[in-house]
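Results of the structural survey
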Amino acid sequence: MYRRLSLTGLRCIVLFGLTVACGVQAQEQQQPAQPLDGAALTKQKGCVYCHGEHLEGTEGKAPSLRGVGLRRDKTFIEGQIRNGGQSMPPFGEALTNDEIQTLVQYLSQMKEAPAKTNTDAKQRSGKKH
Ligand code: HEC
């Protein structure tokens, strides 16, 4: 009599434990949507290959973009990304609209004043024609 009761009690506890474990597992299945990140995109899409790891510009390849928001508006930046330029390939086909908008937004906020020792100006005027 005594023994039977405690066995039933044990079964109850085991069953209860299983139910709780299953409930917890079912709740772990949500993934937050990944927002696009302009800085990450410049790396993923190869902009840094020409513009430098921190978009500071590279000798002979491409100008710095760190102050591009000071000299260019969003329309220009978007056009440059979509259609390319003299030495820059077009990215209109390679990027989605969302990716382009994220890059435009990111770059138009780059308003770092050029440093005194910046080679950017030299590079740009040397590049004309
Ligand atoms: C193959 C090298 C190369 C790659 C890759 C490249 N660029 Fe460029 N980019 C240039 C060059 C060179 C210029 C200077 C203008 C020209 O010749 O087109 C330039 C100019 C720009 C400008 C205009 C800067 C200004 O002050 O007028 C923007 C904005 C820009 N690039 C953004 C990007 C973005 C965003 C990416 C990646 C999606 C990228 N570039 C990838 C070479 C490159």
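Thresholds, definitions, all that
Residues numbered from 1 in each chain as written. Predicted model: local features only at pLDDT ≥ 70, side-chain atom pairs only at ≥ 80, totals over all residues. Core = buried A, V, L, I, M, F, W, Y, C linked by C-beta atoms within 7 Å. Buried ≥ 20, exposed ≤ 12 C-beta atoms within 10 Å, placed from the backbone. Helix = DSSP H or I, 4+ residues; strand = E, 2+ residues; numbered from the N terminus. Contact = placed C-beta atoms within 7 Å. Near = placed C-beta within 6 Å. Nonpolar A, V, L, I, M, F, W, Y, C, P; charged D, E, K, R; others polar. Axes fitted to C-alpha atoms, helices over the stretch in contact; angles between N-to-C directions. Parallel < 35°, antiparallel > 145°, perpendicular 65-115°, else oblique. Left-handed = near helix turned anticlockwise from the far one by under 90°.

For the protein, an unreviewed UniProt entry supplies the name Cytochrome c and the organism Terriglobus albidus.

Describing the nonpolar core
In terms of nonpolar packing, the biggest core is built from nine residues, these being Leu55, Leu65, Val68, Ile77, Ile81, Leu103, Val104, Tyr106 and Leu107. Only α5 (74–83) and α6 (97–108) provide two or more residues apiece to this core. Sequence-distant contacts of Leu65, defined by excluding residues within four places in its chain, comprise His51, Leu55, Leu107 and Met110.

Details of the site of the ligand
Neighbouring residues of the ligand: 25 residues in total, closest Cys47, Cys50, Gly85, Gln86 and Met88. Breaking the shell around the ligand down by element, the ones donating at least two residues are α3 (47–51), α4 (68–71), α5 and α6. Looking at the shell around the ligand, the element that brings in the most residues is α3, giving four residues. Here the residues of the shell around the ligand sort into 14 nonpolar, seven polar and four charged.

A look at the environment of Gly92
By the element assignment, Gly92 lies in the loop between α5 and α6. With 14 C-beta atoms packed within 10 Å, Gly92 lands in the partly exposed category. Distance in space between the C-alpha atoms of Gly92 and Arg82 is 3.9 Å, their sequence separation being 10 residues. Sequence-distant contacts of Gly92, that is, excluding residues within four places in its chain, are made with Arg82 and Asn83.

So, unusual backbone geometry
A positive phi angle is found at Leu55, which is not glycine, with a value near 60°. Assignment of secondary structure puts Leu55 in the loop between α3 and α4. A residue is classified by how many C-beta atoms lie within 10 Å of it, and Leu55, with 23 of them, is buried.

Details of the environment of Glu56
Mapped onto the fold, Glu56 is located in the loop between α3 and α4. Classification of Glu56 by C-beta neighbours within 10 Å gives partly exposed; the count is 17. In this structure the C-alpha to C-alpha distance between Glu56 and Gly67, which are 11 residues apart in sequence, comes to 9.1 Å. The residues touching Glu56, leaving out its near neighbours within four places in the chain, are Ser64 and Arg66.

A closer look at the packing of α5 against α6
When two helices pack together, their arrangement is given by the angle between their axes and by how far apart the axes lie. Contact pair α5 / α6: the axes reach a minimum separation of 9 Å and the direction vectors enclose 130°. Taken together, α5 and α6 sit at an angle that is classed as oblique. For the element pair α5 and α6, the recorded crossing hand is right-handed. Together, Lys74, Ile77, Glu78, Ile81 and Arg82 of α5 and Ile100, Leu103, Val104, Leu107 and Ser108 of α6 make up the contact between the two elements. Residue composition of the contact of α5 with α6, by class: six nonpolar, one polar and three charged.

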